[in-house]
Amino acid sequence: MVAKLVSGALEGIEAYMVEVEVDLANGLPHYAVVGLPDAAVQEGKERVRAALRNAGYEVPQRRITVNLAPADTRKQGPLYDLPIALGLLVASGQLRPAPDFSALLVGELALDGQVRAVRGVLALAMAARAAGLSAVLVPAANAQEAALVDGLQVYAVESLAHAAAVLASPTSECPLPGAVRAELISEPTIGLDMAEVKGQAIAKRALEIAAAGGHNVMLVGAPGSGKTMLARRLAGILPPLSYPEALELTRLYSIAGLLAQHRGIVSERPFRAPHHSVSCAGLIGGGPQPRPGEASLAHHGVLFLDELPEFRRDVIEQLRQPLEQGVVQLARAQAALAYPARLTLVAALNPCPCGFLGDRLQACRCAPGQAERYWNRLSGPLLDRLDLCAHVARLSEGELLDEKEAEPSQVIRQRVLAARARQRLRFESEPDVHCNAQMGPALLRRHTRLDDASKQLLRSAIRQLALTGRALDRVLKTSRTIADLAEREAIATEHVAEALQYRVFTPTA
């Protein structure tokens, strides 16, 4: 007898249906899994045997052939343990599934028959709904994310016996209710507050502009000037996630196997700060079993690269495409994968190797030309993709001992939200554009019209700062955001001037 059940497989952030066919034939006992299974799927044979035996079922002593169709795509991970075990029970006559019950089944089996969590359940549930299935049987630890998908009955199964009971009589079990969207879009709490940062008005203003328009920013300053402290507070002034953004982030973190840290739902904008020893696959994604990298895990949030020149050059150069297009494209021999990476990059670095070039309190100790070589680790095309550069000066003793409380994040966020509201109205007919930093050439021409004085200022800046076409576009986008923060529809000369002051990257002695 041949039993057929439905499972799924992941490909990037998408999923597709996999038919699990189990055949029992006469002959010497043998167990084979075909359909391009990886090592985790092959090792599942022993987990399935032990789980069946310890759950009180009989392990068929016949020739067992399991086919995972389509047979020309690689099947990875332990998520096929549960459908294979249930297929063996159906094929051997120990289980009779309910007629007209179409469900996707995924789950890893423990040796005692318990069902463990797997990666990518949200993407699999979305694919099941698209394929016309009415239900999913998932591990109880993954049930909350599966419940985010409308129009599906979600059964949270604890064990192999529980899953078999649901498959035999789904009407006797109560599926989980759908997730409440209000939980996802509730106002996030502010943890690290800008009020804790003394002084640094210029850097705070740059971060406010970055939050209001989705711009990338670089912080340059001496050691101990507060660059990391400022960067870690950017997430606290960003707008709350919308429901579609939260759903997209939840799917990404589920595929990466990190969703347990967020209790089933990613409800706040991420802040990712990888170490400078990170590899290309760690930052961008990929690997033998492709996973999202730090750039994608910072999607709709902040990617913080501290001590930027200490990162390998070939690694940070990989950020060019995500910063420009908001997506990571991975081309492999067997498939081409795409991971979303629409992020706000915050880069921090010292002005020179010793860290004190241009510092008002301590003299630079670098040899002649050393600072120039230090900055040459960063390519021009990468710097072009940064909208703002703020120089963070060390505070004097008076500023450090000043007890006056600075402006809190909640007040700054209100200005950011007002600017974002103007942008939502501006781009309401553009579903893929949500903030000024995402404007393409056509939108840029339409929404950044300048008066003659502003054009003359830009002409001078192009000559003096040697601005490229991409850098000029960044200036215009930043000017648009500064005007939005000022509640002005027309971009004035002072808005362009402020945007231009953030294009000076290298400090002077």
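These notes cover the structure that comes with them. (Residues numbered from 1 in each chain as written. Predicted model: local features only at pLDDT ≥ 70, side-chain atom pairs only at ≥ 80, totals over all residues. Heavy atoms only, no water.)

### Quick look at empty space enclosed by the protein
What the rule picks out here adds up to one cavity of 30 Å³ or more. Roughly 30 Å³ of internal volume is contained in the largest cavity. Taken together, the residues of the lining of the largest cavity sort by class into six nonpolar, no polar and no charged. (1 Å grid on protein atoms, 1.4 Å probe; cavity = no way out; pocket = protein on both sides within 12 Å on 5 of 7 lines; lining within 4 Å. Points joined across faces, edges and corners; volume = space filled by probe spheres on them. Nonpolar A, V, L, I, M, F, W, Y, C, P; charged D, E, K, R; others polar.)

### Quick word on the pattern of salt bridges
Scanning all chains against the criterion turns up 25 salt bridges. The salt bridge partner of Arg-470 is Glu-324, with a shortest N-O separation of 3.3 Å. Highlighted residues: Arg-470 in helix α19 (residues 469-485) and Glu-324 in helix α12 (residues 320-325), separated in sequence by 146 residues. For Arg-470, a relative accessible area of 29% translates into the label partly exposed. On the basis of relative accessibility, which here comes to 40%, the residue Glu-324 falls in the partly exposed class. Glu-324 is paired through a salt bridge with Arg-474; the nearest N and O atoms lie 3.4 Å apart. (Salt bridge = Lys/Arg side-chain N within 4 Å of Asp/Glu carboxyl O. Helix = DSSP H or I, 4+ residues; strand = E, 2+ residues; numbered from the N terminus. Buried < 20%, exposed > 50% of the residue type's maximum accessible area, 1.4 Å probe, protein only.)

### Remarks on the nonpolar core
In this structure, Val-66, Leu-86, Leu-137, Met-218 and Leu-305 are the most contacted members of the largest nonpolar core, which totals 112 residues. Setting aside its immediate chain neighbours within four residues, Leu-86 contacts Leu-5, Leu-95, Leu-105, Leu-160, Ala-163, Ala-164 and Leu-167. Within the second largest apolar cluster, 46 residues are counted, among which are Met-194, Val-302, Val-433 and Met-439. (Core = buried A, V, L, I, M, F, W, Y, C linked by side-chain atoms within 4.5 Å. Contact = heavy atoms within 4.5 Å.)

### Looking at helix α8 (residues 243-256)
Over its 14 residues, α8 runs 20 Å from end to end, which matches the ideal 20 Å to within 8%, given 1.5 Å per residue. The buried fraction of α8 amounts to twelve of the 14 residues, a majority that puts the element mostly inside the structure. When we look at burial in α8, the residues that qualify are Tyr-243, Glu-245, Ala-246, Leu-247, Leu-249, Thr-250, Arg-251, Leu-252, Tyr-253, Ser-254, Ile-255 and Ala-256. Taken from the residues just after α8, Gly-257 is the one with a positive phi, measuring 75°. (Expected span 1.5 Å × (residues − 1).)

### Overview of the environment of Leu-234
The residue Leu-234 is located in the loop between α7 (227-231) and α8 in this model. Separated by 70 residues in the primary sequence, Leu-234 and Phe-304 have C-alpha atoms spaced 10.0 Å apart. Other than its neighbours up to four places away in sequence, Leu-234 contacts Met-194, Leu-207, Ala-211, Val-302, Thr-344 and Val-346.

### Here's the deal with unusual backbone geometry
Of note, the bond from Ala-69 into Pro-70 is cis; its omega dihedral lies within 30 degrees of zero at 5°. The topology assignment puts Pro-70 in the loop between β4 (63-69) and α2 (81-91). Despite not being glycine, Gln-200 has its phi angle at roughly 55°, a positive value. Within the element layout of this structure, Gln-200 appears in the loop between α5 (160-168) and α6 (201-213). Residue Gln-200 is classed as buried on the basis of its relative accessible area, which comes to 10%.

### Digging into the pairing of strand β10 (residues 217-221)
Counting buried positions along β10 yields five of five residues, so the element is predominantly enclosed. Across the two faces of β10 the burial is the same, with Val-217, Leu-219 and Gly-221 and Met-218 and Val-220 all buried. Sheet topology places β10 next to strand β18 (residues 388-392); five bridges connect them, and they run parallel. Among the inter-strand pairings, Val-217 is bridged to a residue of β18, identified as Leu-388. (Pairing = 2+ DSSP bridges.)

### A short note on the sheet that holds strand β14 (residues 302-306)
An order of β11-β14-β17-β10-β18 is seen for the five strands of this open sheet, with the pairing classed as parallel. Edge strands, defined here as strands with exactly one partner in the open sheet, are β11 (271-272) and β18. Pairing geometry for β14 and strand β17 (residues 344-349), over five bridges, is parallel. Bridge assignment links Leu-303 to a residue of β17, and that residue is Leu-345.

Limitation: the analysis is restricted to geometry and does not speak to function.
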